[in-house]
Amino acid sequence: VDEFEFLLSFVGSLLSNMSGDARQGVHRRAGRKGFGFTVMVAGERCLGKSTMIETLFGDNGGQNQDTPNSPRPNQPTVRIEQRTMDMTVEGAPVKLTVVDTPGFGDSVDTRDDVGPLENYIDAAFREYLQGESQADRSGLIDRRVHCLLYFIRGSTTGLQPLDLQALKQLHTKVNIVPVLAKADTLTMTERESCKSAVQRQIRDEGITVFHPGHDVDDEAEVRAECEAFANSMPFAVIGSTERHDVAGKNVRGRKYGWGVAEVDSTAHCDFVSLRRMLVETHLHDLKGVTEEVHYETFRKTALEQGTVAAPEVTSVFSAGRTAEQELQRKHEDMKRDLEEQARLLEEKRRQFEEERKLYDEAKRSQNIA
């Protein structure tokens, strides 16, 4: 865990110190060819997970596919089901894969329910590592899980034993974004009490959840937004695709006797913040942390233990390119680039000062003449 926390903080510093132009360049390169993004959803039953996915991504069903050898729906075990759909983010085509986990938390003894989730995450890492070791990587498909939306039942006591087990078992393998489900069933006081309890338990148990970072040159309002995202976790959300007329506006929400609990109203829930963080401001960061932290941790362990037979990758590993060394190299490259930029700026400043001095001397000579 200590090594994982070191990697996470190191990559976080790289992302936060990346200039806006550099980050935009990464986005442009990804945008030209499109990319894949995989979200896993988990939590107890009857928390509106499927409805929330439809609300978040506009899913109309997508293409459903069980993983090979997965149990059938009538078996009381955790299943892994995938849905794929196409969406657009900042003009770039995105192949979204939603990994659902029906049956999670349904067993009488739930201690084994986290295993299938962990196995799927590891299997995706292993598949990518094996594909990465091939001479021809043109057909390499990235099925790695970039984000786990973990749904929490609203309770002033916070996380339940299964929640704690799942988060502690998975937080070093995937970016966890905790979600407080069905926020419209809680009063504002109950909601804040639940959030405080969950935040305290996450902190006390040493659980790492995704932290939305920002660029060093971002404006104050962007930095404030990122802090607001972090402080909002777990995001209190309302899921609904139903539409209602509210003061002449057609809005999504759930209708009650007192009115409509609106999905897209920041006064009613955190849905807008969650969706903005996931698909607008931090999608590439979620992919980056997956690549540089979670996958590299798995890759290093697999190669050290020899659990992946990959001669090409093994030779690279034996040459000393461990995860930390690769990250350190990238950090040093960035540092050299910044130092070179600083040197060029200093040269331009000195040249400007010299030219201004010559100009002032020439002007004084003209005045004397």
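The text that follows walks through the structure, step by step, so that each part is easy to find. Values in this document were obtained by computation on a predicted structure and should not be read as measured data.

Turning next to the sheet that holds strand S10 (residues 259–262). The strands making up a sheet associate through backbone hydrogen bonding, with each pair oriented either parallel or antiparallel. Spatially, S8-S9-S10 is the arrangement adopted by the three strands of the open sheet, whose pairing is antiparallel. If you trace the sheet from one side to the other, it starts and ends with strand S8 (243–246) and S10, each paired once. Each neighbouring strand pair of the sheet contributes to a mean axis angle of 75 degrees, computed without reference to strand direction.

This next bit is on the environment of Glu81. By secondary structure assignment, the location of Glu81 is in strand S3 (residues 81–89). Taking C-alpha positions, Glu81 is 5.1 Å from Asp100, a pair spaced 19 residues apart along the chain.

Right, let's talk about the environment of Thr266 for a bit. Along the chain, Thr266 falls in the loop between S10 and helix H8 (271–281). Expressed as a C-alpha distance, the spacing of Thr266 and Val237, which sit 29 residues apart in the sequence, is 10.0 Å.

The biggest cluster of nonpolar side chains holds 76 residues, and the ones touching the most others in it are Phe57, Leu149, Tyr150, Leu274 and Leu278. Residues contacting Leu149, with those up to four places away along its chain left out, are Val39, Met40, Val41, Ala42, Ile53, Leu56, Val177, Val179, Leu274 and Leu278.

This part covers H8. For H8, the complete set of buried residues consists of Phe271, Leu274, Met277, Leu278 and Val279. Down the axis of H8, the buried side of the element spans an arc of 155 degrees, and every buried residue falls inside it.

Another aspect to go through is the pairing of strand S6 (residues 176–180). With respect to burial, S6 is a largely interior element, five of its five residues being buried. The side-chain alternation of S6 yields two buried faces, one formed by Ile176, Pro178 and Leu180 and the other by Val177 and Val179. Note that strand S5 (residues 147–152) and S6 share five bridges and pair parallel. By the bridge assignment, Ile152 is partnered in S6 with Leu180. Handedness of the crossover is the feature at issue here: the chain leaves S5, passes through helix H5 (residues 161–170), returns alongside S6, and the resulting connection is right-handed. In this sheet, strand S7 (residues 235–236) lies alongside S6 in parallel orientation, the contact comprising two bridges. Along S7, the bridge assignment pairs Val179 with Phe235.

Calculation notes
Residues numbered from 1 in each chain as written. Predicted model: local features only at pLDDT ≥ 70, side-chain atom pairs only at ≥ 80, totals over all residues. Heavy atoms only, no water. Pairing = 2+ DSSP bridges. Helix = DSSP H or I, 4+ residues; strand = E, 2+ residues; numbered from the N terminus. Axes fitted to C-alpha atoms, helices over the stretch in contact; angles between N-to-C directions. Core = buried A, V, L, I, M, F, W, Y, C linked by side-chain atoms within 4.5 Å. Buried < 20%, exposed > 50% of the residue type's maximum accessible area, 1.4 Å probe, protein only. Contact = heavy atoms within 4.5 Å. Arc of directions from axis to C-beta. Right-handed = clockwise from strand over helix to strand, strands pointing away.

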